[in-house]
Amino acid sequence: DAGVTQSPTHLIKTRGQHVTLRCSPISGHKSVSWYQQVLGQGPQFIFQYYEKEERGRGNFPDRFSARQFPNYSSELNVNALLLGDSALYLCASSSTRQGGDTEAFFGQGTRLTVV
Amino acid sequence: AQRVTQPEKLLSVFKGAPVELKCNYSYSGSPELFWYVQYSRQRLQLLLRHISRESIKGFTADLNKGETSFHLKKPFAQEEDSAMYYCALVNAGGTSYGKLTFGQGTILTVHP
């Protein structure tokens, strides 16, 4: 198993554009979470999906949306990109909803640069 | 609101010296805490979780509810311990169930 895979690894977008980031969880994992990591800070929670439904949402504007597909892969969409959206976007998968006894496995991330 | 604070951005020690990475939290409820580590050019990975009271790679962390702390300790640091360390807390209820709240991270450098 390759672990959690994210695509693309890097991309550059212009302000106002839209972007879609993709994540494939570890086989058998039903939960996917998205995090934004700005340089010099820890990851910040954006969304959690479990069994194809949104189960948690962080403090991000409505320009951010996500979905989970029947095969448990997930997409993160960001509309009307701002310079401040430049960050590393991390996807994490776990076998169940994240809890105290559940390990989250992280992907390598997608580095988004907005110019 | 839940919060995790790691007061040291950088920590340097010599090989064989003890090391302690500090973590304080605020959370209204019974906290579930983790330490994650990111080695150079690798992905973020779980180091240990308080619920299992385990020792991984010689590291231990004790939850102190009175001081709201979850400091990471190792009695004898090794050069391969050099990495970025994140303390994290999981929200075990409410609309943000499953949300991991991370601290800002501490870069540990172990000198030979």
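Preceding this section is the structure that the text describes.
The present account deals with the structure reproduced in this document. Numbering of residues starts from 1 in every chain and runs along the sequence as written. Here every chain gets a letter starting at A, and every ligand a number starting at 1, in the order they are written. Local features in a predicted model are, by the rule used here, given only for residues with pLDDT of at least 70; side-chain atom pairs are given and counted only at 80 or more, and totals for whole chains, interfaces and linings are based on all residues. Excluding hydrogens and water, the side-chain values take into account all heavy atoms of the structure.

As for unusual backbone geometry
Residues and elements named next belong to chain A. Quick note on the threshold: The helix count covers DSSP runs of H or I at least four residues long, the strand count covers runs of E at least two residues long, and both are numbered beginning at the N terminus.
Looking along the chain, the bond that leaves S7 and enters P8 is cis, with omega of -10°. Among the structural elements, P8 can be located in the loop between β1 (5-7) and β2 (10-13). Phi is positive for K52, close to 70°, though the residue is something other than glycine. As for its placement among the helices and strands, K52 is situated in the loop between β5 (44-50) and β6 (53-57). Residue Y72 is not a glycine yet carries a positive backbone phi of 75°. Relative to the elements of secondary structure, Y72 occurs in the loop between β7 (64-68) and β8 (74-78).

Observations regarding the interface of chain B and chain A
Rules: Throughout, a contact is declared for two residues whenever any of their heavy atoms are within 4.5 Å. Once two parts are brought into contact, the accessible area they lose, counted with a 1.4 Å probe and summed over both, makes up the buried area. Counted as a polar contact is a pair of N or O atoms within 3.5 Å, where, for protein atoms, one must be capable of donating a hydrogen and the other of accepting one, and residues adjacent in sequence contribute only when both atoms are in side chains. Polar here means any residue outside two lists: the nonpolar Ala, Val, Leu, Ile, Met, Phe, Trp, Tyr, Cys and Pro, and the charged Asp, Glu, Lys and Arg; Gly therefore counts as polar.
Across the contact, 22 residues belong to chain B and 25 residues belong to chain A. Taken over both partners, the interface formed by chain B and chain A buries close to 1900 Å², and the fraction arising from carbon and sulfur atoms is 51%. Taken together, the connections running from chain B to chain A amount to five residue pairs in polar contact (both at pLDDT 80 or more). Contributions of two or more residues to the side of chain B that touches chain A are made by β5 (32-38), β6 (45-49), β9 (83-90) and β10 (100-102) of chain B. Ranked by the residues each element gives to the side of chain B that touches chain A, the list is headed by β5 of chain B, at three residues. For the side of chain B that touches chain A, the residue count by class is ten nonpolar, six polar and six charged.

Things to note about the state of the cysteines
Here is the rule: Cysteine sulfurs are considered disulfide-paired once they come within 2.5 Å of each other.
In the structure shown here, the tally under the stated rule is two disulfides over all chains. C23 of chain A shares a disulfide with C91 of chain A; S-S distance 1.8 Å. Given an S-S torsion of about -65°, the disulfide between C23 of chain A and C91 of chain A has left-handed geometry. Here C23 of chain A is found in strand β3 (residues 19-24), whereas its partner C91 of chain A is found in strand β9 (residues 87-94), with 68 residues between them in sequence. In this model, C23 of chain B is linked to C87 of chain B through a disulfide, with the two sulfur atoms separated by 2.0 Å. Looking along the S-S bond of the C23 of chain B-C87 of chain B disulfide, the torsion reads about -65°, which is the left-handed sense. Taken together, the positions of C23 of chain B in the loop between β3 (19-21) and β4 (24-26) and C87 of chain B in strand β9 put the pair 64 residues apart, joining distant regions of the chain.

Digging into the sheet that holds strand β8 (residues 72-74) of chain B
Sheet strands pair by backbone hydrogen bonding; their relative direction is either parallel or antiparallel. All names here are of chain B. Basically, it comes down to this: One bridge is not enough; two strands pair if DSSP finds at least two bridges between them.
The strand order across the open sheet formed by three strands is β3-β8-β7, and the pairing between neighbours is antiparallel. In this open sheet, the two edge strands, each paired with only one partner strand, are β3 and β7 (60-61). Pairing analysis gives two bridges linking β7 to β8, with the strands arranged antiparallel. Bridge pairing in β8 places T60 opposite K73.

Focus on the pattern of salt bridges
Residues and elements named next belong to chain A. Convention followed: Between Lys or Arg on one side and Asp or Glu on the other, a salt bridge is scored when a side-chain nitrogen of the former is within 4 Å of a carboxyl oxygen of the latter.
Under the definition given, this model contains nine salt bridges over all chains. Across the pair R22 and E75 runs a salt bridge whose closest N-O atoms are separated by 3.5 Å. Of this pair, R22 sits in strand β3 while E75 sits in strand β8; the two residues are 53 residues apart in sequence, bridging distant segments of the chain. Between D85 and R63 there is a salt bridge whose closest N-O contact spans 2.8 Å. Separated by 22 residues along the polypeptide, D85 in the loop between β8 and β9 and R63 in the loop between β6 and β7 bring together distant segments of the chain. Through salt bridges with shared partners, one network takes in R22, R67 and E75.

Observations regarding the sheet that holds β3 of chain A
Residues and elements named next belong to chain A. Our working definition: Angles shown run from 0 to 180 degrees and are taken between the N-to-C directions of axes, each axis being a line fitted to C-alpha atoms and, for helices, limited to the stretch in contact.
Here four strands make up an open sheet; going across it, the order is β1-β3-β8-β7 and the pairing antiparallel. Either end of the sheet is taken by a strand with one partner, and the two such strands are β1 and β7. Within this sheet the neighbouring strands show an average axis-to-axis angle of 15°, counted without direction. Note: β7 against β8, five bridges, orientation antiparallel. Within β8, the position partnered with R67 by the bridge is E75.

Take it as geometry only, folks, not as evidence of what the structure does.
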